[in-house]
Amino acid sequence: MPLAYLVRRPPPEAAAVLALAALLVGAALAGALPPLAATTLAGAVCCALAGVRLSRLAAGGSGRRARHRRRAAALLDTTVAVVGMTVMVLPLAGPAQRADVATAGLAAAALGYGGGLLLLPGRSRPAPPVRVRRAVDVLSLGTALLFAGWVLVPPGPVPPVVRVVTVVGAGGLAGLLVSALAGWRRRPGAALCRAGAVAALAGLVDLVVLLAYRAPEPAVLTAVPPLVVGTLLTAAGLARVSAGDPPRGAGPPPAWPRITAPAAVAMLAALLHLWVIGPFTPGAVLLGLAVVPPLVGRELIAAADDRRRARRLAAREAHFRALVAGGRDLLLLLDDELRVGWLSAAGARWFGLRDDEVRGRPLAGLLHPDDAPAALALIAAIRPGDEPPLLVARMATGDGGWRATESTVSDQRGVPEVDAVVLYVRDVGERRRLERELRRLAATDRLTGLPDRGELLRVLGARRGEPGGLLLVDLHGFGAVDDAAGRAVVDSMLVTAARRLRDVVGPRDLVARVSGEEFAVVTGAGPVPAYALGARLLAALTEPCPVPGSMVRLRVSVGLAELAGDGPEDVLRQAELARRRAVQLGRNRVEWYDAYLEEQLVRRLDLERELPGAVARGELDLVYQPVLGLADRSPVGIEALLRWRSPVLGTVLPAELLPVAEELDLVGELGGWVLNRACRQLADWSSGSRQLWMAVNVTPRELLAPDFLARVSATLAGHGVPAERLVVEVAEPRIRAELPTVVARLAGLRSLGVRTALDDFRAEHASLAQLRRLPIDLLKVRPRPVDPTDEPASPLLDVVVALGDRLGLSVVVEELESDADVERARRAGCRYGQGFALARPATAERVEAYFEEFPSAFR
C-alpha cells in the first residue's frame, strides 16, 4: 500500500529521483558504473531530496501539535541524513571496515527513526485487547522474518554482526510494519512514515549482511530500492501529517495482511532456501515450527473476535426486533419491484393487515388510488445517500377503510444486510383530525364568529388569479363609545356590524375580522359590482346603531383592491392603501386602489417612518445658495437650504419633508437644528473680513411657537453672531390665515435686530395690499408672473421693485434659471438675485471655495 501510494501520486521531484535511481542501477548492471558508486549516488540523491522536504516541514506552525510535528520532522531529517551519510561513506572505507560502518549507520538510523516516529502527533494508547492482538501480530511476523533471515544466509559460519542484525532487525521491522498496517486508515501519514522507516532500515540491514559476507559488489544494488523508497515515503508521510493527517475512510483496518503476511514470508523463505541452498538444518526446522504457534494464536484471537461480534450483532438484532414489534409504527421492506417483502407486527396490530395477505403484494395496491402515483414517483426518485423524504398518503386497512399516514422512505438496497427500500409508516389520522379542529378554532374570531386574518389570507391565496375583489372596511367612532358606555357596548356594536356585513354580502362571499375595528370582505364579483357592494356596505354600516340611552352613527372607510394575480399579502396591502386614502379624503367613502396611489402612500409611509430620529441619527444637512449683487455678481448673502440625506429614501427636499414634519409635530425640532447649524456656519464665515447675511426659512407654525423669539436670541448669543446678519424668511402664501399674529412675531424679530424676509411673494392685489402691514426688510419674488399665460414679466417686476423702493425694502429675485432671467431682473432695477444661473446650492466647503474668488464681500 505505501509503495502504491508513492507510485500513484509521486511529486515531480520524487519522480525525478526515482528515475535517476533507476538509471544508476541500470548503468551499474550494464557495467558503466561501479555498483557501490551507483548505490552511493542513488542513496545520496534520494536522502538529499527527502532531507530538504523534511527540513521545510520542521519550520513554522504554533501550538502543541505543531511543536510535536516540528520535533519529529527535525529528528527524521537527521535520521535521513544519517542514512545518506552511511551510504556516502561506504566507498571511502576499506572493504574490511564497510560492514562496521553500515552497522553503525543502521544503529543510528534505528534510534533516530524510533524517536521521530514516537514524536508524531495524534498517537493514542490502544485498549488492552488491541495491544494483545498487536503483540501476537508482531511475534508472528517477527518470527517469520527471523526464520527468513536464518535460512537465507549462506551456509557456514555466520558473522556475529549478522546474527545481531537478523534477530534485532526482525523484531523491530515487524513492530514497525504491524503498526503501519494498524494505522493505515486512521493515521495514514504516520503509517507512511513507519513504512518508510521499515524500507530504509531494511535497505541498511541488506547492506550490513552483504558487506559482512563480502558478497559480490553487484549485490549491493539490491539495497537501492528500499533506501530510495524508504526515504521518500518518510518525507511524503510527514507532509501528510503536517496537513492534518486526514483519515483514509472509516472502520477498523483490514486484519488479513497481518494474518497472512507471516505465513507468506515463512513459506517464500523456505521455498527459496530449498531451491538455492538445499535441505534444512535442525535449527532451521525448529525456527520454522516456531512460526506456527503465533499464527494459531492469531487465528484463535480472530475466531474469538468473530464470536463476540456475532453475539453483539445477535443482541442488537434482538433489541431492534423488540423495538419494532412493540412500536405503533409500521415497518415495510420493499424489493426492487416495490413489492412488500416483510412487514412488522404493527401491521396486524394497528392496521389490521395480515402478513400472508400483504407479503408479495405491490405497494401501489396498499395506497389510495389518488395518492399512489405521486408516492411511487417519489420512491422512484430516491437515490442512495439522499435525505429520506416524507411520503404522505392514505393506506388501506384490513377492514377496507383508509388511514392517513406519513412515511419516511430510505433506500437501503446498497446495504447487503437489508437490500430493500424501507418504509417507516406512521398513522396520523387522529392527529390530522385534531389539527383540522385546532385550525378551525384558531382561524375564528371569538367575539363575532367570523374568520380571522389568517383565514382571510388563506382564502385570498386559494382565490389567487380568480376574478374578484377585496374590500377592507374600517369603522371609526368606537373610542367615544368606549369612553362613554364601556367596552361591553363596543363589543355589542362590533357584533352588530358583523351581522350587517353578513346580511349584505352574497352567499359565496367571505366576511372576516382583520383587527379590532377592521373587517374584510372577499367577493367573486367583478370590479364594478365589487364597488357597488362597497357602497351597500357603507350604507348599511352608517345606519344608526342603538346603544343604551342613544343612537350612534359610525363613520366608515372602505378600500377596494382587485384580486388579480397578486399574492394575499399584496392584495391586503393594496386594499389597506386604498382605505387610508378614504380616511385622508374624509371617510364615509369607497376608494379604489391604483398604482399611483400606492406610490404616493408608500412614499408617505416611508417618510413618516424614517423622519423621527433623523436629527439624532445625523441625517440632516444644509446646503447654501449664495445671493449675489446683480451689478458686479459679488456675494452679499447666503440662503441655508435643508436637505435630509436618508440612507433609505435618498435626498429629500423641504417641499416633501416639511408637510410630513408638520403632521408628526417635528417642525420645531427640525427648525431648531437648522437655525443652530446655520448660525454656527455664519459665525465661521463672519470671523474674517467677509460680512454676509444668512437667510433661514421658517414655517408659520414654527414662527408662531411661543418660544421662537427666545430660541433665536439664545442661538445668536451662543454663536456670537450679530443679529443683523440673520434673515428669517417666511413664505407669503402661508401667512394669510394668521396674519395679525405673524405681523407681531415679525416685529419681535426686528426688535432683536434680526432682519425678516417675505419669500415667494406673488404680485396679486391681496398681496400688494398686505405688504404694507408686514414688518419686513427683504422681498423675494420670482422673475416670471404666477400665471404662465401672462405677458413678459418685466413690467410686473418694475412695479414690485418700485413698490419695494417706496417701502424701503430690498428686492431679491429668486429662481433665476437663465441669463435672460438675470438680464430681465437687472433691467427692472433689482439689486440682488439668486438662482442656478448665478450660483447653485452647494455644501459649505464648496461655497467657501466659491467665496475665495472674491477678495471681500459687502453688506
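Residues numbered from 1 in each chain as written. Predicted model: local features only at pLDDT ≥ 70, side-chain atom pairs only at ≥ 80, totals over all residues. Heavy atoms only, no water.

**Side note on the sheet that holds strand 2 (residues 340–343)**
And step 1. The five strands are arranged 2-1-5-4-3 in an open sheet whose pairing can be described as antiparallel. A single partner strand is all that each edge strand has here, and the edge strands are strand 2 and strand 3 (390–396). Neighbour to neighbour, the strand axes of the sheet diverge by 30° on average, direction disregarded.
And step 2. Here helix 15 (residues 372–380) sits on the sheet and contacts strand 3, strand 4 (402–411) and strand 5 (421–427); the angle it forms with strand 3, its principal contact strand, is near 135°.
And step 3. Packed on one face of the sheet, helix 16 (residues 429–442) meets strand 3, strand 4 and strand 5 and runs near 115° to strand 4. (Pairing = 2+ DSSP bridges. Helix = DSSP H or I, 4+ residues; strand = E, 2+ residues; numbered from the N terminus. Axes fitted to C-alpha atoms, helices over the stretch in contact; angles between N-to-C directions. Contact = heavy atoms within 4.5 Å.)

**Brief notes about a positive patch on the surface**
And step 1. A grouping of Arg-307, Arg-311, Arg-312 and Arg-316 is seen on the molecular surface, where their side chains present a positively charged patch.
And step 2. Examined against the element boundaries, Arg-316 turns out to sit in helix 12 (residues 292–326). (Patch = residues over 30% accessible without salt bridge, like charges linked within 9 Å, V, L, I, M, F, W, Y side chains within 5 Å. Areas by Shrake-Rupley, 256 points an atom, 1.4 Å probe, with all protein chains shown as cover. Salt bridge = Lys/Arg side-chain N within 4 Å of Asp/Glu carboxyl O. Lys, Arg positive; Asp, Glu negative; His and termini not counted. Charge placed at Lys NZ, Arg CZ, Asp CG, Glu CD.)

**Details of the pattern of salt bridges**
And step 1. In total, this model carries 31 salt bridges according to the counting rule given.
And step 2. Measuring nitrogen to oxygen at the nearest pair gives 3.1 Å for the salt bridge that ties Arg-579 to Glu-518. Here Arg-579, found in helix 21 (residues 568–584), pairs with Glu-518, found in strand 8 (residues 518–523); they are 61 residues apart in sequence, far enough to count as distant. The burial state of Arg-579 is the same as that of Glu-518; both residues are buried.
And step 3. We note a salt bridge from Glu-610 to Arg-609, for which the minimum N-O separation is 3.2 Å.
And step 4. Owing to a relative accessible area of 16%, Glu-610 belongs among the buried residues under this scheme.
And step 5. With a relative accessible area of 49%, Arg-609 lands in the partly exposed category.
And step 6. Each of Asp-474, Glu-518, Glu-576 and Arg-579 takes part in a single network of salt bridges with overlapping partners. (Buried < 20%, exposed > 50% of the residue type's maximum accessible area, 1.4 Å probe, protein only.)

**Comments concerning unusual backbone geometry**
And step 1. At Arg-633, a residue that is not glycine, the phi angle is positive and equals roughly 55°.
And step 2. Within the element layout of this structure, Arg-633 appears in the loop between strand 13 (620–629) and strand 14 (635–646).
And step 3. With a phi angle near 60°, Glu-815 is a residue other than glycine that sits in the positive phi range.
And step 4. Taking relative accessible area as the criterion, Glu-815 reaches 37% and is therefore assigned partly exposed.

**Thoughts on the packing of aromatic side chains**
And step 1. Scanning all chains against the criterion turns up four aromatic pairs.
And step 2. Residues Tyr-531 and Trp-592 carry aromatic rings whose centres are separated by 5.7 Å and whose planes lie at 20° to one another, so their mutual orientation is stacked. With Tyr-531 in helix 20 (residues 527–541) and Trp-592 in strand 12 (residues 589–592), this pair connects stretches of sequence that are 61 residues apart.
And step 3. Judged by relative accessible area, which is 35%, Tyr-531 ranks as partly exposed.
And step 4. Look at Trp-592 and you get partly exposed, because its relative accessible area is 31%.
And step 5. Consider the rings of Tyr-624 and Trp-685, whose centres lie 5.2 Å apart with planes at 75°: the pair is edge-to-face. Taken together, the residues span a long stretch of sequence, with Tyr-624 in strand 13 and Trp-685 in helix 24 (residues 667–685) at a distance of 61 residues. Each of the two residues, Tyr-624 as well as Trp-685, counts as buried. (Phe/Tyr/Trp six-rings, centres within 6.5 Å; stacked < 30°, edge-to-face > 60°.)

Treat this as a map of the structure, not an account of what it does.
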